Amino acid sequence: MRLPKFEYFAPKDLKEAVSILRNEPSAKILAGGTDLLVNMKHKVECPPAIVNIKGINDLDYIKQDNGAVRIGALTTLKHIYMTSLISEKLPALAEAASAVGSYHHQTMGTLAGNICQQNRCKFFNQSLWWRSSRPTCFKAGGQICHVVNKKEICYSSYCGDVGPALLVLNAKIVVTSSRDSREILLEDLFSGDGKAPLNLNPGEILVEIIIPLEEMDGVSGYTKFANRENIDFPIVGTAFWASMENKEYRVAFTAVDRKPLRAHQAEAFLNGKNLNEEILEEAAELAAKDAKPVKTSVYSTTYKRRLMGLLLKSTVSEAMRRAKS
Amino acid sequence: MKQAIELNINGDTHEILVSPNNTLLEVLRDKLGLMGTKRGCDLGACGACTVLINGDAYLSCIMLAVDAIGKEILTIEGLAEGGDLHPLQRSFVENGGLQCGFCTPGMILTAKAILDEEKHPTEEVIKRKMAGNLCRCTGYKKIFEAVMSVTEQSGKEF
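Residues numbered from 1 in each chain as written. Chains lettered and ligands numbered in written order. Predicted model: local features only at pLDDT ≥ 70, side-chain atom pairs only at ≥ 80, totals over all residues. Heavy atoms only, no water.

## Describing the overall build of chain B
- Across its full length, chain B holds five helices and five strands.
- In chain B, the succession of α and β elements from N to C terminus is β-β-α-β-β-β-α-α-α-α.
- In terms of overall dimensions, chain B is globule-like: its C-alpha atoms have a radius of gyration of 15 Å, near the 15 Å expected for 158 residues.
- Along the longest, intermediate and shortest principal axes, the C-alpha atoms of chain B span 50 × 30 × 25 Å.
- Here the analysis covers contacts within chain B between residues at least 6 apart in sequence; of these, 53% occur between residues at least 24 apart.
- Here chain B displays about 7000 Å² of accessible surface, and carbon together with sulfur accounts for 49% of that area.
- Of note, chain B has its 16 positive side-chain charges centred 6 Å away from the centre of its 21 negative side-chain charges. (Helix = DSSP H or I, 4+ residues; strand = E, 2+ residues; numbered from the N terminus. Rg over C-alpha atoms; globule rule 2.2 N^0.38 Å. Contact = heavy atoms within 4.5 Å. Areas by Shrake-Rupley, 256 points an atom, 1.4 Å probe, with all protein chains shown as cover. Lys, Arg positive; Asp, Glu negative; His and termini not counted. Charge placed at Lys NZ, Arg CZ, Asp CG, Glu CD.)

Okay, structure coming up:
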């Protein structure tokens, strides 16, 4: 399968990268390539230019300073879960990174690339030939949605693994452009619009992920449920963080909405309570009401909503068990 | 536009004319005739195109050839040294770790990356990390035994 043609840029530093992006606003950023190049082979993304940022030296790091763990955008997923600081103190992130695709994808894929991956849909992530039997959908540049055909929006699902894990860790991100650099909550990166899932302006690069140090005092975990766990995208993924002393809890899900879903209603219900099975079930019901799964995969929405509850219970019990040992 | 690039493959430097949209797999197979690296799904899902880039297992079908400039590329052709099979290759032969052989280069190179990273990984680690390499003959048990038998040989350098 040939890749479509494009102009190729390999900047040596961030300054050069943002200046190329300023001149080429519709260029796509290439890091690990495990998402972008597959979509390009399917001809659902055909950018006129590619900016390969892997040659930029100072974006691959995990460090602890100024009251936070700072992770460079180009840090590979394998590097994340093999770093003891992350696997011991932020297990939700380590588990999410090791849940992504296969070992090869974890070796090639980067943290920021995984966060910024495209939304997915069974009508979108297909070859040009497969898609040619139907009119082109919103996501691929057309005028129709084959999943929810009464609405004029794209319902593709966000299916990334590290997204929800970073959401429960209250992560922030640093976004740089040729004009300025801004720090925003990761939650604000996701637009909830399936066609353009990220609130990034043309020419902006996600350069750093920041996790506040106090998140290391909590217990956390991530569980991915997939057909073939080591290869497939999650049917549903659940991340959990808790401060046992303060009885403060955070819950997030992936693959149940157009963005990774922070379950605020469920969290408000859980906060201050001692966790048990009934309470978790009630929380999961609240989260399932917040979620907007549609049939973007072969799995039914009822199945996804039920999985949310089951996964929440197992993620919590596993995180607690690990914290005790 | 085509450009001349230098790639370090199996210790040799090759000067090749490539387009930016050529994948490393296309260059290895179609321009250099290194057919040991297989084109399976061509979408990064089956692991048949695995090569080692600076010792790490990469999928060459979803990697641009221009992205491999300045990196050490190892394909299955470069694994045996002077006619002596690599311990993993020998083990695959001795344990019958192949049927049609299509997935074998990817399997062996992934196993090498895993064993280089961790000398004696557990069975569970090997199974999890090799899950991205598919074998359509479903000969997984023998493949797994072949890798395990190498990990059990103590003091071996890979």
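## With respect to the overall build of chain A
- When its secondary structure is counted, chain A shows 12 helices and 12 strands.
- Here chain A has a C-alpha radius of gyration of 19 Å; the compact-globule value for 325 residues is 20 Å, and the two agree.
- Considering only C-alpha atoms, chain A reaches an extent of 55 × 50 × 35 Å along its principal axes.
- Residues classed as buried in chain A amount to 58% of the 325 residues present. (Buried < 20%, exposed > 50% of the residue type's maximum accessible area, 1.4 Å probe, protein only.)

## Quick notes on the sheet that holds strand β3 (residues 49-52) of chain A
Residue and element names in this part refer to chain A.
- Taken together, the three strands give an open sheet; going across it, the order is β1-β3-β2, and neighbouring strands pair in parallel fashion. Among the strands making up the open sheet, the edge pair consists of β1 (7-9) and β2 (28-30). Taking each pair of neighbouring strands and ignoring which way they run, the sheet shows an average axis angle of 25°.
- Bridge count between β2 and β3: three bridges; the pairing is parallel. Paired with Leu 30 across the bridge in β3 is Asn 52. (Pairing = 2+ DSSP bridges. Axes fitted to C-alpha atoms, helices over the stretch in contact; angles between N-to-C directions.)

## Quick word on the interface of chain B and chain A
- Between chain B and chain A, the contact holds 31 residues from the first and 29 residues from the second.
- Summed over the shared surface of chain B and chain A, the result is five salt bridges.
- Here Glu 26 of chain B and Arg 2 of chain A are joined by a salt bridge, their closest N and O atoms 3.8 Å apart.
- Put simply, chain B and chain A have 13 residue pairs in polar contact (both at pLDDT 80 or more) between them. (Salt bridge = Lys/Arg side-chain N within 4 Å of Asp/Glu carboxyl O. Polar contact = N/O pair within 3.5 Å; in protein donor to acceptor, adjacent residues only side chain to side chain.)

## Topic: the domain arrangement of chain A
Residues and elements named next belong to chain A.
- Per the domain assignment, the segments of chain A are domain 1 (1-56) and domain 2 (62-116 + 157-324).
- Spacing between the C-alpha centres of domain 1 and domain 2 amounts to 26 Å.
- Between domain 1 and domain 2, the residue contacts involve 13 residues of the former and 13 residues of the latter.
- For the domain 1 and domain 2 pair, buried surface summed over both sides reaches about 1100 Å², with 78% attributable to carbon and sulfur atoms.
- On the domain 1 side of the contact with domain 2, Leu 14, Val 18 and Thr 34 bury the most area, a combined 38% of that side's loss.
- Seen at the junction of domain 1 and domain 2, the total is zero salt bridges.
- Taken together, the connections running from domain 1 to domain 2 amount to zero residue pairs in polar contact (both at pLDDT 80 or more). (Domains from an automatic or database assignment. Buried area = accessible area lost by both parts, 1.4 Å probe.)

## Points about the nonpolar core
- Ile 71, Leu 93, Leu 111, Ile 115, Leu 166 and Ile 209 of chain A are the most contacted members of the largest nonpolar core, which totals 67 residues.
- If one sorts the elements of this core by residue count, helix α3 (residues 104-117) of chain B sits on top with seven residues.
- When near neighbours in sequence (up to four residues on either side) are disregarded, Leu 111 of chain A contacts Ile 71, Ala 73, Thr 75, Leu 77, Ile 80, Leu 93, Val 162, Leu 166 and Ile 209 of chain A.
- Ranked by size, the runner-up nonpolar core spans 33 residues in total, among them Val 38 of chain A together with Val 18, Leu 24 and Cys 49 of chain B. (Core = buried A, V, L, I, M, F, W, Y, C linked by side-chain atoms within 4.5 Å.)

## Things to note about the packing of α3 of chain B against helix α5 (residues 140-152) of chain B
All names here are of chain B.
- Taken N-terminus to C-terminus, the directions of α3 and α5 make an angle of 35°; their axes are 11 Å apart at the nearest point. Our pair here, α3 against α5, has a crossing hand that is right-handed. For the pair α3 and α5, the contacting residues are Met 107, Ala 111 and Leu 115 in the first and Tyr 140, Ile 143, Val 147, Val 150 and Thr 151 in the second.
- Classifying every residue of the contact of α3 with α5 gives seven nonpolar, one polar and no charged. (Left-handed = near helix turned anticlockwise from the far one by under 90°. Nonpolar A, V, L, I, M, F, W, Y, C, P; charged D, E, K, R; others polar.)

## A short note on the packing of aromatic side chains
- Taken as a whole and judged by the stated rule, the model has four aromatic pairs over all chains.
- Measuring from centroid to centroid gives 6.3 Å for Phe 240 of chain A and Tyr 249 of chain A, while their planes differ by 20°, and the two rings are stacked.
- Positioned above the aromatic ring of Trp 241 of chain A, the side-chain terminus of Arg 250 of chain A is 3.8 Å from the ring centre.
- The cationic tip of Lys 127 of chain B hangs over the ring face of Phe 144 of chain B; the distance from NZ or CZ to the ring centre is 4.9 Å. (Phe/Tyr/Trp six-rings, centres within 6.5 Å; stacked < 30°, edge-to-face > 60°. Lys NZ or Arg CZ within 6 Å of the ring centre and 35° of its normal.)

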